[in-house]
There are 2 protein chains.
Amino acid sequence: MTPIAVDYLVGVDLGGTKIMAGVYGPDLLMVGCAKRKTKAERGVDAVIERIARTVREAVEESGLTIEQVRGVGIGAPGAVDPAAGQVVFAVNLAWKDVALASALQTELGVPVFLENDCNLAMLGIWEREFQRTPRDAVGIFLGTGIGGGLILNGALYGGFRHAAGEIGHMTLDVNGHVCGCGNRGCFETLASRNALFRMLSDAVAAGEPTLLTQMLGANLNGLRSGDLRKAIRRGDALTERIVRGSAEFTGVAVANLISVLHPQLVVLGGGVIEALGFLMMPIISRRAKAHLLPGTLEGIEIVESTLADNAGITGGAVLARDQLGMKVLHQPHEVAGT
Amino acid sequence: MTPIAVDYLVGVDLGGTKIMAGVYGPDLLMVGCAKRKTKAERGVDAVIERIARTVREAVEESGLTIEQVRGVGIGAPGAVDPAAGQVVFAVNLAWKDVALASALQTELGVPVFLENDCNLAMLGIWEREFQRTPRDAVGIFLGTGIGGGLILNGALYGGFRHAAGEIGHMTLDVNGHVCGCGNRGCFETLASRNALFRMLSDAVAAGEPTLLTQMLGANLNGLRSGDLRKAIRRGDALTERIVRGSAEFTGVAVANLISVLHPQLVVLGGGVIEALGFLMMPIISRRAKAHLLPGTLEGIEIVESTLADNAGITGGAVLARDQLGMKVLHQPHEVAGT
């Protein structure tokens with residue numbers, strides 16, 4: 001009998017609405033996955049138990065046992081302290097100071113490593129799509145809100161207290177719409193899913209015609225990013241105009257980030273880009289190029305991530321592998337014994 | 001006879017209007033300085049000769065000879081390639097692809113190291129005022145235009161092609177005033193010296209009363225930042241209103257940079273801050289604090305640099321010392337023989 005392989009890694013993406021888990025071989029190819037609703041309203045312990053269940057399901061789905069898993073990397077929305085394994089603050093989960101890594105480690109009997117969700121997605125994209133080649137790279141994730149992940153000088157950059165990358169709250173329009181954070185004209189008020197839905201609802205309320213009301217009724221109940229894609233593909237002028245406008249603002253945000261950080265790569269992802277990238281990406285690139293000083297953009301790539309929804313779980317596997325790589329070198333017994 | 005000391009360093013700040021040179025001991029205390037007009041219109045060779053003359057004058061002023069100088073660090077406005085010692089592009093000088101370091105090294109017979117002027121100023125501030133303590137720090141320089149210098153993970157950050165830190169071209173007001181770069185509402189159009197003067201001229205043209213016209217005439221001929229300070233100190237409402245407005249925008253820019261980079265320190269300098277910091281700094285801090293999510297600003301310092309106009313030449317000495325530190329280790333003959 002050959003010894004069973006024990007070098008699998010699990011990546012977990014903990015979101016406000018759903019939990020995803022993916023099992024990866026040491027080559028970072030996914031062998032199985034699972035997902036379930038977060039149900040944050042049930043409280044911290046219930047959510048941690050649901051995460052553990054999702055991980056076990058993904059492992060079983062992969063035809064493996066938890067003993068074959070070397071480590072778990074998990075991304076949480078909000079401010080995290082990776083060294084302490086602690087979620088400091090997560091608005092979407094209503095969490096404050098939750099020792100997620102140790103709690104999950106106790107549930108699973110496997111080492112658990114924590115990161116911010118956007119940082120983790122960027123880590124996954126940087127490793128799997130770009131083989132860690134660009135030394136400096138910025139990830140922009142357009143979803144319900146907008147978040148970012150920074151790779152600077154060849155490593156995830158967290159800044160003081162690991163809170164860098166909050167690009168959704170860059171002010172782009174100082175006299176613009178009020179944001180959830182209390183300020184006006186944050187990037188997030190101009191190009192997130194919430195922003196798109198708000199602008200569409202306002203236009204519908206103002207009596208502008210759109211196929212979306214035929215598809216979903218006057219209240220746009222259950223509106224999803226995919227509905228916008230369908231409406232645009234069917235020639236809906238209102239939806240196309242609003243999405244184009246958000247893409248222009250995203251181009252300005254890309255230009256701002258290039259002016260400040262001058263990365264070699266800007267990569268966009270998240271649900272909004274997954275659904276609407278076909279229309280938005282050319283506009284984003286054109287606007288960013290038009291915005292920057294001549295020559296400034298030379299050699300810089302502005303691209304859409306191909307990992308889509310899997311960026312976070314991929315990054316979780318990368319994080320666990322990287323961290324275990326260190327642990328194997330310095331603390332072999334701790335890893336073997338856990 | 002004791003051997004003469006040969007460990008002096010010269011920092012040079014090459015600006016569009018003036019050249020400054022300062023001579024520093026190995027302890028980074030200045031022992032002498034000199035300055036002269038740049039006269040960029042006379043062409044590259046003439047300017048390089050003028051830089052060399054300013055360096056020699058500063059050395060003589062210090063009671064030293066050029067043989068006692070180990071190295072020169074120089075900051076140039078615009079895009080530079082430090083490894084090649086090349087000024088890639090400098091609008092204010094009308095320079096393109098100038099091999100400044102080697103030309104000056106030939107003139108002086110001393111190793112010369114090149115950096116971007118704002119990076120160099122930030123390096124000087126970080127070393128002299130903050131003893132390199134904050135791992136992540138952002139410098140914001142409000143002068144004729146607006147530039148920035150980034151210290152990330154304990155070192156100057158240049159990004160891809162060394163063009164990071166162009167914070168003056170962050171868009172803050174997407175529908176705002178047109179900038180020299182062709183876009184609208186760049187930070188530079190809201191808080192640079194040029195922006196302040198433009199807003200004052202517009203207000204005077206619109207018939208608003210101000211002490212400045214009593215001081216300088218209806219055309220505000222020869223207006224300087226110091227005149228704004230005088231006018232405000234004498235109770236001029238227009239000048240105070242406009243400077244306060246620029247401080248508010250600067251606070252928004254500080255908040256943006258904290259959101260993206262989360263540095264431990266934000267330090268402001270440049271001629272506008274030197275003249276008007278007494279009014280602007282409290283507004284900048286207040287606005288940045290109001291702008292950021294609660295808790296985000298905890299532990300972050302927002303301060304005015306005390307080095308003022310000497311930040312650049314101090315940084316030049318630091319750069320030369322750091323670079324020579326490396327050269328002494330690896331190429332002793334080259335340094336000794338130059």
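Just so it is clear, the structure is predicted and the values come from calculations on it, not from any experiment.

(A) Examining the overall build of chain A more closely. Scanning chain A for helices and strands turns up eleven helices and 13 strands. Expressed as lengths along the three principal axes of its C-alpha atoms, the size of chain A is roughly 65 × 50 × 40 Å. Restricting to contacts in chain A with at least 6 residues of sequence separation, those with at least 24 account for 63%. Split by element, the accessible area of chain A, about 13800 Å² in all, is 51% carbon and sulfur. A gap of 4 Å separates the mean positions of the 30 positive and 34 negative side-chain charges of chain A.

(B) How the structure looks around the relation of the copies chain A and chain B. The transform that puts chain A on chain B rotates by 180 degrees and translates by 0.0 Å along the axis, for an RMSD of 0.0 Å. On this basis, the relationship between the two copies can be described by a two-fold rotation axis. Mapped onto chain B, 100% of the interface residues of chain A again fall at the interface, so both copies present the same surface.

(C) Examining the pattern of salt bridges more closely. Residue and element names in this part refer to chain A. Inspection of the entire model under this criterion finds 30 salt bridges over all chains. With a closest N to O distance of 2.7 Å, Arg-286 and Glu-248 form a salt bridge. Here Arg-286, found in helix α9 (residues 271-291), pairs with Glu-248, found in helix α8 (residues 237-261); they are 38 residues apart in sequence, far enough to count as distant. For Arg-321, the salt bridge goes to Asp-322, with nearest N and O atoms at 3.6 Å. The exposure class assigned to Arg-321 is partly exposed, which follows from its relative accessible area of 30%. Take Asp-322: its relative accessible area is 25%, and that puts it in the partly exposed class. Each of Glu-127, Arg-132, Arg-321 and Asp-322 takes part in one network of salt bridges that share partners.

(D) Looking closely at the packing of helix α7 (residues 225-233) of chain B against helix α9 (residues 271-291) of chain B. All names here are of chain B. Here α7 crosses α9 at 10 degrees, and the two axes come no closer than 8 Å. Comparing the axis directions of α7 and α9 gives the class roughly parallel. Every residue of α9 that contacts α7 at Ser-225, Gly-226, Leu-228, Arg-229, Ile-232 and Arg-233 is listed here: Gly-271, Val-272, Glu-274, Ala-275, Leu-276, Phe-278 and Leu-279. When its residues are assigned to classes, the contact of α7 with α9 shows seven nonpolar, three polar and three charged.

(E) The arrangement of the side chain of Asn-119 of chain A in detail. Residue and element names in this part refer to chain A. Positionally, Asn-119 belongs in helix α3 (residues 117-128). Engagement of the side chain of Asn-119 in a polar contact is seen with the side chain of Glu-115, the distance being 3.1 Å. Ignoring sequence-local partners within four residues, the contact set of Asn-119 consists of Gly-148, Gly-149, Leu-150, Leu-156 and His-162.

(F) Region of the structure containing the confidence of the model for chain A. Residues and elements named next belong to chain A. On average, residues of chain A score 93 in pLDDT, and 95% of them are at 70 or above. Considering only residues more than four positions removed or in separate chains, one finds that residues 326-338, a stretch of pLDDT under 50, has eleven contacts. Interface scoring of the predicted complex returns ipTM 0.92; its pTM is 0.93.

(G) Spotlight on the sheet that holds strand β10 (residues 146-152) of chain B. All names here are of chain B. The strand order across the open sheet formed by five strands is β11-β10-β9-β12-β13, and the pairing between neighbours is mixed. Since the sheet does not close on itself, it has two edges, and those belong to β11 (155-156) and β13 (301-304), each with one partner. Two elements, strand β12 (residues 265-269) and β13, share four bridges in a ladder whose sense is parallel. In the strand pairing of β13, Leu-265 is matched with Glu-301. Packed on one face of the sheet, helix α3 (residues 117-128) meets β9 (137-142), β10, β11 and β12 and runs near 50 degrees to β10.

(H) Broad picture of the sheet that holds strand β3 (residues 30-37) of chain A. All names here are of chain A. One open sheet holds the five strands; their spatial order is β3-β2-β1-β4-β8, and the pairing between them is mixed. Each of the sheet's edge strands pairs with one partner strand only, and the pair in question is β3 and β8 (112-116). Adjacent strand axes in the sheet meet at a mean angle of 15 degrees, parallel and antiparallel pairs treated alike. Here strand β1 (residues 8-14) runs beside strand β2 (residues 18-24); their pairing, made up of six bridges, is antiparallel. The residue bridging Val-12 from the neighbouring strand is Ala-21, located in β2. Lying on the sheet, helix α1 (residues 44-61) is in contact with β1, β2, β3 and β4 (69-76); it crosses β3 at an angle near 150 degrees. Those strands touched by α3 are β1, β4 and β8, and its axis lies near 100 degrees from that of β8.

Scoring rules and cut-offs
Residue numbers run consecutively from 1 along every chain, following the written order of its sequence. Chain labels run from A onward and ligand labels from 1 onward, assigned in the order the entries are written. Per-residue local features of the predicted model are confined to residues with pLDDT of at least 70, and side-chain atom pairs are confined, for both listing and counting, to 80 or more; whole-chain, interface and lining totals are unaffected and use all residues. Here the side-chain values reflect all heavy atoms present in the structure, with hydrogen atoms and water set aside. The secondary structure listing takes helices from DSSP runs of H or I that are at least 4 residues long and strands from runs of E that are at least 2 residues long, numbered from the N terminus. Any two residues having at least one pair of non-hydrogen atoms within 4.5 Å are treated as being in contact. The method behind every accessible area is Shrake-Rupley, applied with a 1.4 Å probe, and residues are considered shielded solely by the protein chains displayed. In summary, the charge assignment counts Lys and Arg as positive and Asp and Glu as negative, without counting His or the chain termini. Lysine's charge is taken at NZ, arginine's at CZ, aspartate's at CG and glutamate's at CD. When the copies are superposed, the least-squares fit takes in the C-alpha atoms of residues with a pLDDT of at least 70 in both. Just to be clear on terms, a salt bridge is a Lys or Arg side-chain nitrogen sitting within 4 Å of an Asp or Glu carboxyl oxygen. Burial status follows relative accessibility: with a 1.4 Å probe on protein chains alone, a residue under 20% of its type maximum counts as buried, one over 50% as exposed, and anything between as partly exposed. Axes here mean lines fitted to C-alpha atoms, for a helix over just the part in contact, with angles spanning 0 to 180 degrees between N-to-C directions. Each angle is binned into one of four classes, with values under 35 degrees roughly parallel, values over 145 roughly antiparallel, values of 65 to 115 roughly perpendicular, and all other values oblique. All amino acids are sorted into three groups, where Ala, Val, Leu, Ile, Met, Phe, Trp, Tyr, Cys and Pro are nonpolar, Asp, Glu, Lys and Arg are charged, and the leftover types, Gly among them, are polar. Any pair of N or O atoms that falls within 3.5 Å is considered a polar contact. Within protein, one atom must be able to donate a hydrogen and the other to accept it, and sequence-neighbouring residues count only if both atoms are side-chain atoms. The pLDDT score gives, residue by residue, the confidence of the prediction method on a 0 to 100 scale. Should DSSP find at least two bridges between two strands, the strands are taken to pair.

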